[in-house]
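So the chains spell out like this:
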Amino acid sequence: MPGSARPTVAVIGATGAVGAAFLRVAEERDFPAGELRLLASARSAGRRLRFRGEDHVVRETSEETLAGADIVFCSATSEVSKRWGPVVAASGGVFIDDGSAFRMEPSVPLVVPEVNGDDVEWHRGILSIPNCTTTPLVLALHAMRRVAPLARVTAATYQSVTGVGAAAARELRAQLQAIAAGDDPAPPQELPHQIALNVIPQVDDFSEEGYTREELKMQNESRKILHLPDLRFSATCVRVPTMVGHAEAVHVEFDSPAPLQALRAELQAQPGLELQDDPGAGLYPTPLTSEDDDSVFVGRLRRDPSVEHGAVFWVVSDNLRKGAATNAIQIAEEVLARGRLGTREAARAL
Ligand code: A2P
């Protein structure tokens, strides 16, 4: 960013659900963007979006519109990430990707700053943010592993439709309106089945082992972020008819005793996490609790009597914010704070 203290920032996918959250969070956190370029597909070129009280014209993502960008946030499709990530990195910019394209690449840090912010140090121009179910989970597990080493995790998720994208949110709304009017909803386009008044035990495609790719992402990404390559892990990911906020019921087993009081204290001390746990008073987080909030919320903490050293908890976070936009902006803040912009040389080694 020659001659300027503020980086030139580009947002690929600015017109999407995460893109909208990104603009809100960047404004709230006063992210030090100099020039801001809002990019999307050719379909959106010419649209206007507001940022800091000003209209910005959306442009098509291209070599030209990305040229000279210091930080590029991307939340579009895997193909878009694969197309532009290496281009940005090779030109000396930093590409922060919300997609799964690069997450498991050994040369790409996968970062939740409160857990493994140090991994930002070794980036070579591309950094990934985890899947929106992984981020809240690892934040809670990171706090708990200060009490005792993690041995095994099982989780069931309750994921909102905005995790699929803005079009899936419109689909749920249209189905609900049709049902309320006494009509049959139109056949689903964005989800494999009707989501209104339903739950779908499929998020992403199935792998040969019978797990969905979302479930494998949770497993593999958690291991990478926590630096626990052998962590035993099994998940079932479920889409539910909520608009925003992913929830997870998690069972965690430890290698040694992990008293509830100690777990509670570590959860309370964990930056980025809020404990809401007084079930007798009806206090526990729901997806609506998390909406438009950057915290990860934990509640329903209790002992798991089915194993020797185990606990059960419920974790919720806004999938568009901490699950995506906020985490991406926090990574950029780490990059700036650590002076890790300007990787022109290292990028050549990719
Ligand atoms: P567009 O609105 O022009 O289609 P969501 O996940 O909410 O569906 O959003 C996806 C985002 O990814 C949108 O901003 C969308 O832009 C963007 N996108 C999709 N395909 C491309 C592409 N080929 N190049 C750049 N951005 C894309």
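Residues numbered from 1 in each chain as written. Predicted model: local features only at pLDDT ≥ 70, side-chain atom pairs only at ≥ 80, totals over all residues. Heavy atoms only, no water.

Focus on the site of the ligand
Close contacts around the ligand come from 15 residues, with T15, A17, S41, R43 and S44 the closest. The backbone of G16 places a nitrogen or oxygen atom 3.0 Å from an oxygen atom of the ligand. Measuring from an oxygen atom of the ligand, one finds a backbone N or O atom of A17 at 2.8 Å. Of the residues belonging to the shell around the ligand, the class tally is 6 nonpolar, 8 polar and 1 charged. (Near = heavy atom within 4 Å. Polar contact = N/O pair within 3.5 Å; in protein donor to acceptor, adjacent residues only side chain to side chain. Nonpolar A, V, L, I, M, F, W, Y, C, P; charged D, E, K, R; others polar.)

A closer look at the environment of F297
Inspection of the secondary structure puts F297 in strand β13 (residues 296-303). Sequence-wise, F297 and E334 are 37 residues apart; in three dimensions their C-alpha atoms are separated by 23 Å. Sequence-distant contacts of F297, defined by excluding residues within four places in its chain, comprise E274, Q276, P285, T289, S290, W314, V315 and V316. (Helix = DSSP H or I, 4+ residues; strand = E, 2+ residues; numbered from the N terminus. Contact = heavy atoms within 4.5 Å.)

Regarding the packing of helix α5 (residues 134-144) against helix α7 (residues 213-226)
In contact at an axis separation of 10 Å, α5 and α7 are set at 45 degrees when each is read in the N-to-C sense. With respect to each other, α5 and α7 are oriented oblique. Crossing geometry of α5 relative to α7 is assigned as right-handed. Contact residues: T134, L137, V138, L141 and H142 in α5; K217, M218, E221, S222, I225 and L226 in α7. Class assignment for the residues of the contact of α5 with α7 results in 6 nonpolar, 3 polar and 2 charged. (Axes fitted to C-alpha atoms, helices over the stretch in contact; angles between N-to-C directions. Parallel < 35°, antiparallel > 145°, perpendicular 65-115°, else oblique. Left-handed = near helix turned anticlockwise from the far one by under 90°.)

Brief notes about the packing of aromatic side chains
Going through the model one piece at a time under the given rule, you end up with 4 aromatic pairs. Considering the side-chain rings of F31 and F73, the 6.1 Å spacing of their centres and the 75 degrees angle between planes classify their relative orientation as edge-to-face. Placement of the pair is F31 in the loop between α1 (17-28) and β2 (36-40) and F73 in strand β6 (residues 71-74), with a sequence separation of 42 residues. Of the two residues examined, F31 and F73, each falls in the buried class. Seen from their ring centres, Y158 and W314 are 5.3 Å apart, and the 65 degrees between their planes marks the pair as edge-to-face. Here W314 lies in strand β14 (residues 310-317) and Y158 lies in strand β9 (residues 150-158), a separation of 156 residues in the sequence. Geometry around W84 places R83 over its ring, the cationic atom sitting 4.0 Å from the centre. (Phe/Tyr/Trp six-rings, centres within 6.5 Å; stacked < 30°, edge-to-face > 60°. Buried < 20%, exposed > 50% of the residue type's maximum accessible area, 1.4 Å probe, protein only. Lys NZ or Arg CZ within 6 Å of the ring centre and 35° of its normal.)

Section: the sheet that holds β9
The 6 strands lie next to each other as β10-β9-β11-β14-β13-β12, forming an open sheet whose pairing is mixed. Taken across any chain shown, the strands that pair with only one partner, and hence form the sheet edges, are β10 (232-236) and β12 (273-275). Strand after strand, the sheet turns through a mean of 25 degrees between neighbouring axes, direction not considered. Strand direction decides the pairing type here: β13 and β14, joined by 6 bridges, are antiparallel. Paired with F297 across the strands is V316, a residue of β14. The sheet contacts of helix α8 (residues 260-269) involve β11 (246-254), β12, β13 and β14, and relative to β13 the element is tilted by about 175 degrees. (Pairing = 2+ DSSP bridges.)

Notes on the confidence of the model for the chain
Taken residue by residue, the chain gives an average pLDDT of 96. The fraction at 70 or more is 97%. Here residues 344-350 is a poorly scored stretch, pLDDT under 50, and it has 11 contacts once near neighbours within four places are set aside; other chains count. (pLDDT = per-residue confidence, 0-100.)

Remarks on the sheet that holds strand β8 (residues 126-128)
Read across the open sheet, the 6 strands follow the order β5-β2-β1-β6-β7-β8; overall the sheet is parallel. Two strands bound the open sheet, and with one partner strand each, they are β5 (59-60) and β8. Judged from the 4 bridges that link them, strand β1 (residues 9-12) and β6 form a sheet pairing that is parallel. Among the inter-strand pairings, I12 is bridged to a residue of β6, identified as C74. Together, β1, β6, β7 (94-97) and β8 form the strand contacts of helix α3 (residues 78-90), whose direction differs from that of β7 by roughly 155 degrees.

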